[in-house]
Amino acid sequence: LVFWQGAELVGLVCALFAEAAEWANHVFLGFAQANPYLPLVLTPLGMTAIVWITIRFFPGSQGSGIPQAIAALQVSSKSRLLSLRIAIGKIILTLLGLLAGGSIGREGPSVHIGASIMHSLGRFARFPPHYMERGLILAGGAAGIAAAFNTPLAGIMFAIEEMSRSFENRTSGIVIMAVVIAGATAMAILGPYHYFGTASTGALPGLETWVAVLLCGVIGGLLGGLFANLLVSGSRAVAPFARRTPLRVAFLAGLALAIVAFASGYSASGTGYIEAKAILTGSGDFDPWYPLNKMAATTASYLTGIPGGIFAPSLAAGAGVGADLGHWLPIAPLSVMILLGMVGYFAGVVQSPLTAFVIVVEMTAERDMILPLLATAFIAYGASHLVCPRPLYLSLAQAFIEPRGEKSG
């Protein structure tokens, strides 16, 4: 009973978090369009204030949250990474980050929130087998993804491929049950929907599509890998300064974010959901600089140290990569190139090809392109590995494992 109610709570919290995040995104974009120069001051000040609140009241809630959930699977002291206090801080501070103009998503934070809620069940119910503690973290993270994107299969695949990097019969049952309960709860609140609507390409893949698969897989994967490498190397380079003067780092990174956002007309701010949907549906103007602007804004946002994810911004940047390739090298229909670019870039960033493939299929309700999307994801994974040998989230998780000298087990 406690487990079921925990899964319901994850679905409820993530659904309400999704609604609040879109509200915060719209509020900032409306303000920025009406007062285009003010964010140049307010964004760096806002980032500085959020980092101060994070350090003072919610330590451990910074960044995406997925590295913390992965690290919690490998360390003995899990309470410093997963707790209800951290979950509450994650929600509040991510929303503040969007209100301040951050290029961040809510999906990574939803994983952190879900894992924190489910792990905290140990206070209310005793689960004797040791593996259940690991299973609850995996179940919470998977439920967070499922509820955030309305993608239940992607939630299960994410827990297997990204968080645990294996399939365990002992924990697979509770992962699936948590995803079902949390997904159903979120759907009851938000209704049945596809994250990006229906993006049908309208045709079965032909020879030109398979040429586009190779192109988008290689280029998208390389760009995604370079972006992941930039986040990892940037985080390591900034870390010594962030430990000594975190507020100064937050202000400078926030200033860089504000400049990029201003130069892009603030299309690089926010989750990227609005821009990605406009690209997929063809309802927006073509901006060849959008993917680079979004990558730069997301990097600056991450380096500030505020809580916030990179899932949605990476999907948006991937859609922009596909649109650029579709305009410059029109090998296949533009809608095909956009979808392939999205899955290629995203798979290159996270280096979890099955998760990337399932997320894009479930978010767009695309059925005609299943094999090309799957092939693109695996080609992109291989290309990304050439420039970023270690997966992004595993690399970032080391920062939460090594400081205390804990060994994985």
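Residues numbered from 1 in each chain as written. Predicted model: local features only at pLDDT ≥ 70, side-chain atom pairs only at ≥ 80, totals over all residues. Heavy atoms only, no water.

Caption draft 1: Layout of the overall build of the protein chain. Along the backbone of the protein chain there are 17 helices and 0 strands. As displayed, the protein chain offers around 15,800 Å² of accessible surface, 68% of which is attributable to carbon and sulfur atoms. (Helix = DSSP H or I, 4+ residues; strand = E, 2+ residues; numbered from the N terminus. Areas by Shrake-Rupley, 256 points an atom, 1.4 Å probe, with all protein chains shown as cover.)

Caption draft 2: Quick look at the packing of helix H9 (residues 207–244) against helix H17 (residues 392–401). The geometry of H9 relative to H17 is characterised by a closest axis approach of 9 Å and an angle of 10° between their N-to-C directions. When the interaxial angle is binned, H9 and H17 end up roughly parallel. Two secondary-structure elements touch here, H9 through Ala228, Leu231, Val232, Ser235 and Arg236 and H17 through Leu392, Ser395 and Leu396. Partitioning the contact of H9 with H17 into residue classes produces 5 nonpolar, 2 polar and 1 charged. (Axes fitted to C-alpha atoms, helices over the stretch in contact; angles between N-to-C directions. Parallel < 35°, antiparallel > 145°, perpendicular 65-115°, else oblique. Contact = heavy atoms within 4.5 Å. Nonpolar A, V, L, I, M, F, W, Y, C, P; charged D, E, K, R; others polar.)

Caption draft 3: Inspection of the packing of aromatic side chains at higher detail. For the coordinates displayed, the defined rule picks out 7 aromatic pairs. Aromatic pair Phe262 and Tyr266: ring centres 6.4 Å apart, planes at 80°, arrangement edge-to-face. Among the residues examined, Phe262 registers a relative accessible area of 32% and is labelled partly exposed. For Tyr266, a relative accessible area of 4% corresponds to the buried category. Aromatic side chains Phe311 and Phe346 sit 5.1 Å apart centroid to centroid with 80° between the ring planes, which places their arrangement in the edge-to-face category. Here Phe311 is found in helix H13 (residues 311–328), whereas its partner Phe346 is found in helix H14 (residues 334–350), with 35 residues between them in sequence. (Phe/Tyr/Trp six-rings, centres within 6.5 Å; stacked < 30°, edge-to-face > 60°. Buried < 20%, exposed > 50% of the residue type's maximum accessible area, 1.4 Å probe, protein only.)

Caption draft 4: Representation of helix H12 (residues 290–304) within the structure. With 15 residues, H12 should cover 21 Å at 1.5 Å per step; its first-to-last C-alpha distance of 21 Å lies within 8% of that length. Of all 15 residues in H12, 12 are buried; the element is thus mostly enclosed. Along H12, the residues classified as buried are Tyr290, Pro291, Asn293, Lys294, Met295, Ala297, Thr298, Thr299, Ala300, Ser301, Tyr302 and Thr304. Looking one or two residues past H12, Gly305 carries a phi angle of roughly 95°, positive in sign. (Expected span 1.5 Å × (residues − 1).)

Caption draft 5: Expanded view of a nonpolar patch on the surface. A surface patch of nonpolar side chains, amounting to about 760 Å² of accessible area, comprises Phe31, Leu38, Val41, Leu42, Leu45, Phe251, Leu252, Leu255 and Ile259. Elements that contribute at least two residues to the nonpolar patch include exactly helix H2 (39–57) and helix H10 (246–263). Element by element, the count of residues in the nonpolar patch is highest for H10, at 4 residues. The topology assignment puts Leu38 in the loop between helix H1 (2–34) and H2. The class for Leu38 is partly exposed, based on a relative accessible area of 40%. (Patch = residues over 30% accessible without salt bridge, like charges linked within 9 Å, V, L, I, M, F, W, Y side chains within 5 Å. Salt bridge = Lys/Arg side-chain N within 4 Å of Asp/Glu carboxyl O.)

Caption draft 6: Examining the environment of Leu98 more closely. For Leu98, the position within the fold is in helix H4 (residues 84–99). When near neighbours in sequence (up to four residues on either side) are disregarded, Leu98 contacts Ala21, Ala24, Asn25, Phe28, Ile104, Gly270 and Thr271.

Caption draft 7: A look at the pattern of salt bridges. Under the defined criterion, the tally for this structure stands at 1 salt bridge. Glu107 is the salt-bridge partner of Arg106, the closest N and O atoms lying 3.8 Å from each other. Looking at Arg106, the relative accessible area reads 4%, which means it is buried. For Glu107, a relative accessible area of 1% puts it in the buried group.

Caption draft 8: Layout of H17. Counting buried positions over the 10 residues of H17 gives 9, a clear majority of the element. Every buried residue of H17 is accounted for by Leu392, Tyr393, Leu394, Ser395, Leu396, Ala397, Gln398, Phe400 and Ile401.

Caption draft 9: Fine view of the nonpolar core. Ranked by internal contacts, the top residues of the largest apolar core, which has 112 residues, are Phe311 and Leu392. When residues in this core are grouped by element, the largest group, 12 residues, is from H14. When neighbours within four sequence positions are excluded, Phe311 is seen to be in contact with Ile66, Glu107, Ile145, Phe149, Phe158, Phe346, Val350, Ile359 and Tyr393. If you look at the next biggest cluster of nonpolar residues, it comprises 5 residues, including Phe28, Leu29, Ala32 and Ala261. (Core = buried A, V, L, I, M, F, W, Y, C linked by side-chain atoms within 4.5 Å.)

Caption draft 10: Layout of the confidence of the model for the protein chain. Residues at a pLDDT of 70 or more form 88% of the protein chain, whose mean pLDDT is 85. Note that pLDDT drops below 50 for residues 404–409; the model gives that stretch 9 contacts with residues more than four away or on any other chain. (pLDDT = per-residue confidence, 0-100.)

Caption draft 11: Region of the structure containing the packing of H14 against helix H16 (residues 370–387). Here H14 crosses H16 at 40°, and the two axes come no closer than 8 Å. Where H14 crosses over H16, the handedness of that crossing is right-handed. Judged by residue contacts, Leu339, Leu340, Val343, Gly344, Ala347 and Gly348 of H14 engage Pro372, Leu373, Thr376, Ala377, Ala380 and Ser384 from H16. Counted by class, the contact of H14 with H16 contains 8 nonpolar, 4 polar and no charged residues. (Left-handed = near helix turned anticlockwise from the far one by under 90°.)

Caption draft 12: View of the side chain of Thr43. Along the polypeptide, Thr43 turns up in helix H2. Judged by relative accessible area, which is 2%, Thr43 ranks as buried.

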